[in-house]
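Here's the letter readout for the chains.
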Amino acid sequence: MKGILSRIVVTGLLILAAFLLQNNIFAAVLLIRTTPNLLLLVTVTFGLLHGKLTGLAVGFFAGLLMDMFGGTLLGQYALILSVLGYVCGFFTPYFFLEYVTLPMGVCAVCELIYGFYVYVTGFLLRGRLNLPYYFKTIILPETIYTVVLLVVVYRFLMFVNRKLDEAAKRRSAEKFD
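To keep things clear, this report deals only with the structure shown in the data block. Since we're looking at a predicted model, the values are computed, not measured.

### Some words on the overall build of the protein
Along the backbone of the protein there are six helices and zero strands. When the helices and strands of the protein are placed in sequence order, the string is α-α-α-α-α-α. A compact globule built from 177 residues would reach a C-alpha radius of gyration of about 16 Å, and the protein, at 17 Å, matches this within 12%. When its C-alpha atoms are laid out on the principal axes, the protein stretches across 65 × 30 × 30 Å. Burial status across the protein gives 42% buried among its 177 residues. Considering only contacts in the protein between residues 6 or more positions apart, those separated by 24 or more positions represent 70%. Between the centroid of the 14 positive side chains of the protein and the centroid of its 8 negative side chains there is a distance of 5 Å.

### A look at the nonpolar core
Ranked by size, the top nonpolar core spans 44 residues in total, and within it Val 44 and Tyr 114 carry the most contacts. Those elements giving two or more residues to this core turn out to be helix 1 (2-28), helix 2 (38-50), helix 3 (52-70), helix 4 (76-88), helix 5 (101-122) and helix 6 (131-175). Among the elements that line this core, the one with the most residues is helix 6, at twelve residues. Discounting chain neighbours no more than four positions away, the residues touching Tyr 114 are Asn 37, Met 66, Tyr 77, Ile 80, Leu 81, Leu 84 and Glu 142.

### Here we look at the pattern of salt bridges
Applying the stated criterion across every chain, the model contains two salt bridges. Here Asp 165 makes a salt bridge to Arg 7, at a shortest N to O gap of 2.5 Å. Taken as a pair, Asp 165 in helix 6 and Arg 7 in helix 1 lie far apart in primary sequence, 158 residues in all. Look at Asp 165 and you get partly exposed, because its relative accessible area is 30%. In this structure, Lys 163 and Glu 166 form a salt bridge, with 3.8 Å as the shortest nitrogen-oxygen distance. Here the residue Lys 163 and the residue Glu 166 both occupy positions in helix 6, the gap between them amounting to three residues, near one helical turn. On the accessibility criterion, Lys 163 (42% relative accessible area) is partly exposed.

### Overview of helix 3
Across its 19 residues, helix 3 extends 26 Å between first and last C-alpha, which sits within 8% of the 27 Å expected from 1.5 Å per residue. The complete set of buried residues in helix 3 reads Gly 55, Val 58, Gly 59, Ala 62, Gly 63, Leu 65, Met 66 and Asp 67. Considering only its buried residues, helix 3 is in contact with helix 1, helix 2, helix 4 and helix 5.

### Considering the packing of helix 2 against helix 4
In contact at an axis separation of 7 Å, helix 2 and helix 4 are set at 30° when each is read in the N-to-C sense. In this structure, helix 2 crosses over helix 4, and the sense of that crossing is right-handed. Contact with helix 2, carried on its side by Leu 40, Thr 43, Val 44, Gly 47 and Leu 48, involves Leu 81, Leu 84, Gly 85 and Cys 88 of helix 4 and no other residues of that element. Residue classes in the contact of helix 2 with helix 4 are distributed as six nonpolar, three polar and no charged.

### Observations regarding the environment of Thr 11
Relative to the helices and strands, Thr 11 is located in helix 1. The exposure class assigned to Thr 11 is buried, which follows from its relative accessible area of 11%. In contact with Thr 11, other than residues within four places in its own chain, are Phe 46 and Val 58.

Parameters and conventions
- Residues numbered from 1 in each chain as written.
- Predicted model: local features only at pLDDT ≥ 70, side-chain atom pairs only at ≥ 80, totals over all residues.
- Heavy atoms only, no water.
- Helix = DSSP H or I, 4+ residues; strand = E, 2+ residues; numbered from the N terminus.
- Rg over C-alpha atoms; globule rule 2.2 N^0.38 Å.
- Buried < 20%, exposed > 50% of the residue type's maximum accessible area, 1.4 Å probe, protein only.
- Contact = heavy atoms within 4.5 Å.
- Lys, Arg positive; Asp, Glu negative; His and termini not counted.
- Charge placed at Lys NZ, Arg CZ, Asp CG, Glu CD.
- Core = buried A, V, L, I, M, F, W, Y, C linked by side-chain atoms within 4.5 Å.
- Salt bridge = Lys/Arg side-chain N within 4 Å of Asp/Glu carboxyl O.
- Expected span 1.5 Å × (residues − 1).
- Axes fitted to C-alpha atoms, helices over the stretch in contact; angles between N-to-C directions.
- Left-handed = near helix turned anticlockwise from the far one by under 90°.
- Nonpolar A, V, L, I, M, F, W, Y, C, P; charged D, E, K, R; others polar.

Here's what the structure looks like:
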């Protein structure tokens, strides 16, 4: 029980840290007029690591945090990140910790879907129909930026996950001593 609680607390802290980095640090340092989607990175990684339900839960809480502090519609980001986290869970059997190619590909596809979703809910429904401009200036740069940053964030999340797994194994070994 203690291992599950510590995993939930660490996951919550990772979501909060990703949110703060995405909306404060990276928003202040605009390299290519966009910010990486760190909350999507956390959602994709946890979906790949732990399966559909964990991806769904992490995506929901990450999206809810985005909705509370910057969304125009309550639940808009919670919905898309939950769905993407759940879908990433389908790739768990094909996921190997050592290889970053599957997470990069899944992250790129999820980022494109996320970008089109934001376009439809935020711009298309308001009568702004310039999809090529939006794709060229927002969706594509954000996708590239997020996938490049995935390499660093992925290694950090794997390190945290490994430490949590080791702590859980130690606790279970202590029960049998």
